[in-house]
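Descriptive analysis of the structure
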Amino acid sequence: QIATVAIVGPKSRELLATLSPGLDVSKEGFAFMENKYADVAGIPARIARISFSGELAYEINVPAWYGLELWIKVMELGAPLDVTPYGTESLHVLRAEKGFVIVGQETDGTQTPADLGMDWIVSKKKDFIGKRSFSRADTSRPDRHQLVGLLPETSEFVIPEGSYFAEVQHLGATPPIPHIGYVTSSYFSGELNRSFAMALVHNGRARIGQRVAIGNETAVITEPIFVDKENVRRDG
């Protein structure tokens, strides 16, 4: 029932101001994670200042029958700003550079928010479904599989997603060898001018800075955020 157009990038605030002249789009007036209701290109809309790309972004939600009309207006009014469509592959690279997870890709059903570095999202005050699970001994142990980043030491080598990897002393060894984790997302980044990956690793956060072996290649375990750790781009 809802069509959504996301406008993204350093000029997205300027474009939204053109599309919705009556809306306060300033950083102070429209904060990250806020929703606003306003007409956009004359269409009643709900606008969410959220971002899965890591860039300054707004998701404009309208009744589905207005979807094409909104798209046309965005492209028309965005033309002076050099607006261009971008696809899901670009979005995947952008969100991974920012360390944003996809549930079912960076998770396998056993991860907790703490394993993903997202314990801030869990309320310390409210009751919620799943709260009891946090008291289980297995859930709270410190050496679980945790989300980390990987930088291949051969910068153009894009690690195949799903690859298992081992301690660096097993470099080039013939399987079977004990693995310590696996790659969940892997891309080449134009921003970084190199390959990078996200992975789930046993006791991962304690291993940051260590080298690991992936077949005949090596990689360094890093933090899982590669671009704009200070959210300068996200806030515009």
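Now for a description of the structure that goes with this document. (Residues numbered from 1 in each chain as written. Predicted model: local features only at pLDDT ≥ 70, side-chain atom pairs only at ≥ 80, totals over all residues. Heavy atoms only, no water.)

**Here we look at the nonpolar core**
The condition is simple: Nonpolar cores are built from buried Ala, Val, Leu, Ile, Met, Phe, Trp, Tyr and Cys residues. Side-chain atoms within 4.5 Å join them into one set. Partly exposed describes any residue whose relative accessible area lies between the buried limit of under 20% and the exposed limit of over 50%, with all areas from a 1.4 Å probe on protein chains only and scaled to the type maximum. Numbering of helices and strands starts at the N terminus; helices are DSSP runs of H or I of at least 4 residues and strands are runs of E of at least 2. Residue contacts are defined here by distance: any two heavy atoms, one from each residue, within 4.5 Å place the two residues in contact.
Counting 22 residues, the largest nonpolar core has I7, L16, L19, I47, I60 and L70 as the members making the most contacts within it. When residues of this core are traced back to their parent elements, those giving at least two are β1 (2–8), α1 (12–19), β2 (35–40), β3 (43–48), β4 (57–63) and α2 (67–78). If near-sequence neighbours (up to four positions away) are discounted, L16 is found in contact with I7, L23, V25, F30, I47, Y58 and I60. Listed in part, the 13 residues of the second largest apolar core include V148, V183, V212 and I221.

**Observations concerning α2**
For an α-helix, the turn length of 3.6 residues means that residues three or four places apart are oriented alike. Stated formally: Multiplying 1.5 Å by the helix residue count minus one yields the expected span of that helix. By arc we mean the arc of the directions from the helix axis to the C-beta atoms, nothing more.
When the terminal C-alpha atoms of α2 are compared, their 16 Å separation across 12 residues agrees well with the 16 Å that a helix rising 1.5 Å per residue should span. When we look at burial in α2, the residues that qualify are G67, L70, V74 and G78. For α2, the angular spread of buried residues about the axis comes to 65 degrees, placing them on one side. Of the surrounding secondary structure, the elements contacted by the buried residues of α2 are β1, α1, β2, β3 and β4.

Don't take any of this as a statement about function, it's just geometry.
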